[in-house]
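Below, each chain spelled out in residue letters.
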Amino acid sequence: MNHSAQDWLGLIRQLPLAGRRVRIMNVCGGHERSITLAGIRSALPAEIELIPGPGCPVCVCPEEDIYQAIQLALREPVILVTYGDMLRVPVNAPKGEVRSLEQARAAGGEVRPIASPLEAAQIARDNPATPVVFFAAGFETTIAPTAALAVQGLPENLSLLLSGRLTWPAVAMLLNAEAPGFDALVAPGHVATVMGPEEWGFVVEEHAIPAAVAGFSPGSLLAATYSVLRQHLEGRRFLDNCYPEVVRPGGNPDARAALEQAMRVTDANWRGIGIIPQSGFALREAYAAHDARTLFPDHNAADRRRMGEMPPGCDCARVVLGKRYPNQCRLFGNRCTPRNPIGPCMVSDEGACRIWWAGGMRESVASERTGAPARE
Amino acid sequence: MQIQEIDGFMAKCEAKGVERDVSLFMLQHEPVDLGDFVVVHVGYAIQKITQAEAQSAWEIYDEMLAAEAEMEMELAPPDHA
């Protein structure tokens, strides 16, 4: 498969689409980033819709967890470490109260951004007398290293506030709904690198939806696009692997073993969406001494206003589920920008809103009064 | 990234002049050597790849960084702008 992106585009343009609309969902912020920044949408025939789906773990991280992390930083004598794109995600707190980890830091909380679980361990070792809480959101690719760190041995003073999620159950939820909203799936390359491409077999086998694993280059993404289009048109569906140089059968056995050893899979809440069965990671009992959920009191008061919800007016949840495009949210680009984000999809590097904004789309197509011409 | 030094499960890796400490803990199933190329995610190598594949990945990241730098400029315009 030595075709260039141009070659794949040429092949796609020769397909007999003839006015047949085909909606292809991706479930990876990295994919959406490449698609948007490389301008792939505008290069494709008009019949093809590329829909960003659930590809941003920070965007679906429970509001309660972020609130809890903020309260730990403010009320407990801890160092709170987390990936940088979590710092500015707002929670639903009244005006004047601390609404993000960034604000918690400004208010005196010891909040430090990190880029790797290794840094969390190092900060814990450098501060042996201080409890360090690693607030870890992420999909399989990001949670596997956290599991590896746990398996290797966590410093005594390091605990985990884990908000890890599995990608495929969100896609399964969409496919089990009456109107999934897409006709084909481009499956995430790095998740498949870790977990194995086979995880996505159910899309084809149980739902007869074409699927192809893609990498992050325009060439790989267009190869996957071509594959699913051809499958769709010919009615011959299979799980294709358009990232074979990195994605191998069975995935990464060490990563999977670490996940299996340190974590169990549990029903989990996705912000603005609700509980998705078997979609979350939780620490196993053997690691209870490092589970921040049991080590610290839950600071979420049961009657906290708008607890767990997306911010008022924010369409992030529908954007995450591929039911609306980012610019169909009425806040997009006016009240909600990367500088003053309202919803998490405008904060995270993997959020579709932020990616579209970075790609030059800056204006909402929704009317302030009537809302968006929704995809759904 | 390319592996420069290995000490147990830890390696020093380099890509385009940037050096990082990288854990090889999740590559125990594969032999890794100095000079090998790996895909790194949050400080952990998750897969070994060929030099050509690493090269192609760098080109993408360069494009992304350029696009992002442009966005950051707009986010925080210089004082004289």
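None of these values were measured; they are calculated from a predicted model. (Residues numbered from 1 in each chain as written. Chains lettered and ligands numbered in written order. Predicted model: local features only at pLDDT ≥ 70, side-chain atom pairs only at ≥ 80, totals over all residues. Heavy atoms only, no water.)

1. Brief notes about the sheet that holds strand E7 (residues 184-188) of chain A
Residues and elements named next belong to chain A. Sheet architecture is open: five strands sit in the order E2-E1-E7-E8-E9, paired in parallel fashion. A strand with exactly one partner marks an edge of an open sheet, and here the two such strands are strand E2 (48-52) and strand E9 (239-242). Neighbour-to-neighbour, the strand axes of this sheet turn through a mean angle of 25°, independent of strand direction. Sheet analysis places strand E1 (residues 22-26) next to E7, joined by three bridges and oriented parallel. (Pairing = 2+ DSSP bridges. Helix = DSSP H or I, 4+ residues; strand = E, 2+ residues; numbered from the N terminus. Axes fitted to C-alpha atoms, helices over the stretch in contact; angles between N-to-C directions.)

2. Things to note about helix H8 (residues 140-152) of chain A
Residue and element names in this part refer to chain A. Across its 13 residues, H8 extends 18 Å between first and last C-alpha, which sits within 8% of the 18 Å expected from 1.5 Å per residue. What H8 keeps buried is the set Glu140, Thr141, Thr142, Ile143, Ala144, Pro145, Thr146, Ala147, Ala148, Leu149 and Ala150. Phi for Gly153, located one or two positions after H8, is positive at around 115°. (Expected span 1.5 Å × (residues − 1). Buried < 20%, exposed > 50% of the residue type's maximum accessible area, 1.4 Å probe, protein only.)

3. Structural notes on the pattern of salt bridges
Residue and element names in this part refer to chain A. The final tally for this structure, using the stated rule, is 17 salt bridges over all chains. One salt bridge connects Arg284 with Glu260, and the closest N-O pair in it is separated by 3.1 Å. Residue Arg284 is found in the loop between strand E11 (274-283) and helix H14 (292-295), and its partner Glu260 is found in helix H13 (residues 253-262); the two are separated by 24 residues along the sequence. For Glu260, a relative accessible area of 52% gives the class exposed. Within this structure, Arg230, Glu234 and Arg236 form a network of salt bridges that share partners. (Salt bridge = Lys/Arg side-chain N within 4 Å of Asp/Glu carboxyl O.)

4. Topic: the interface of chain A and chain B
Across the boundary between the two partners, chain A contributes 34 residues, which contact 31 residues of chain B. Both sides together, the interface formed by chain A and chain B hides about 2,700 Å², and carbon and sulfur atoms give 64% of it. Note that Arg248(A) and Glu30(B) form a salt bridge whose closest N and O atoms lie 3.6 Å from each other. The interface formed by chain A and chain B includes nine residue pairs in polar contact (both at pLDDT 80 or more). Only helix H2 (29-37), helix H7 (117-126), H8, helix H10 (189-195), H13 and helix H16 (352-358) of chain A provide two or more residues apiece to the side of chain A that touches chain B. In terms of residues, the side of chain A that touches chain B owes the most to one element, H8(A), which gives eight residues. Class assignment for the residues of the side of chain A that touches chain B results in 18 nonpolar, nine polar and seven charged. (Contact = heavy atoms within 4.5 Å. Buried area = accessible area lost by both parts, 1.4 Å probe. Polar contact = N/O pair within 3.5 Å; in protein donor to acceptor, adjacent residues only side chain to side chain. Nonpolar A, V, L, I, M, F, W, Y, C, P; charged D, E, K, R; others polar.)

5. Notes on the domain arrangement of chain A
Interfaces are frequently sized by the accessible area removed from exposure as the parts join. All names here are of chain A. One can read the domain layout of chain A as domain 1 (61-292) and domain 2 (316-358). Summing both sides of the interface, domain 1 and domain 2 together bury roughly 960 Å²; the carbon and sulfur share of this comes to 62%. The three residues of domain 1 that bury the most area against domain 2 are Asp85, Arg88 and Ile273, which together make up 48% of that side's buried surface. Connecting domain 1 to domain 2 are zero salt bridges. The tally of links from domain 1 across to domain 2 stands at five residue pairs in polar contact (both at pLDDT 80 or more). (Domains from an automatic or database assignment.)

6. Here we look at the packing of aromatic side chains
Aromatic ring pairs are defined here through the distance separating the ring centres and the angle between the ring planes. Residues and elements named next belong to chain A. Evaluated as defined, the whole model comprises eight aromatic pairs over all chains. With 5.4 Å between their ring centres and 25° between their planes, Tyr325 and Trp356 make a pair best called stacked. Separated by 31 residues along the polypeptide, Tyr325 in the loop between helix H15 (316-320) and H16 and Trp356 in helix H16 bring together distant segments of the chain. On the basis of relative accessibility, which here comes to 14%, the residue Tyr325 falls in the buried class. Judged by relative accessible area, which is 4%, Trp356 ranks as buried. Seen from the ring of Tyr67, Arg304 lies directly overhead, with NZ or CZ sitting 3.6 Å from the centre. (Phe/Tyr/Trp six-rings, centres within 6.5 Å; stacked < 30°, edge-to-face > 60°. Lys NZ or Arg CZ within 6 Å of the ring centre and 35° of its normal.)

7. Observations concerning the pairing of strand E3 (residues 18-23) of chain B
Residue and element names in this part refer to chain B. Summarising the sheet, strand E2 (residues 10-15) and E3 pair through six bridges and their orientation is antiparallel. Directly across from Glu14, in E3, lies its bridge partner Glu19. Counted between consecutive antiparallel strands, the loop separating E2 from E3 contains two residues, among which Lys16 sits at a positive phi close to 50°.

8. Observations concerning the sheet that holds strand E6 (residues 158-164) of chain A
Residues and elements named next belong to chain A. With parallel pairing, four strands are arranged side by side in an open sheet as E4-E3-E5-E6. Only two strands of the sheet have a single neighbouring strand rather than two, namely strand E4 (111-114) and E6. Ignoring strand direction, the axes of neighbouring strands in this sheet form an average angle of 25°. Bridge count for strand E5 (residues 132-138) against E6 is seven bridges, and the pairing is parallel.

9. Here's the deal with the environment of Asp298(A)
Residue and element names in this part refer to chain A. Among the secondary structure elements, Asp298 is positioned in the loop between H14 and H15. Assessed through its relative accessible area of 59%, Asp298 is described here as exposed. The sequence separation of Asp298 and Ala147 amounts to 151 residues, and the corresponding C-alpha distance is 23 Å. Engagement of the side chain of Asp298 in a polar contact is seen with the backbone nitrogen of Asn300, the distance being 2.9 Å.

10. Side note on the pairing of E2(A)
Residue and element names in this part refer to chain A. For E2, the tally of buried residues reaches five of five residues, placing the bulk of the element in the interior. Relative to E2, E1 runs parallel, the two sharing five bridges. Counted as the bridge partner of Met25 is Ile51 from E2.

11. So, the environment of Cys345(A)
Residues and elements named next belong to chain A. For Cys345, the position within the fold is in the loop between H15 and H16. Using a relative accessible area of 1% as the deciding quantity, one classes Cys345 as buried. Residues Cys345 and Cys59 lie 286 residues apart in sequence; the distance between their C-alpha atoms is 5.3 Å. Once residues within four sequence positions are removed from consideration, Cys345 is found in contact with Cys59, Cys316, Val320, Gly351, Ala352, Cys353 and Arg354.

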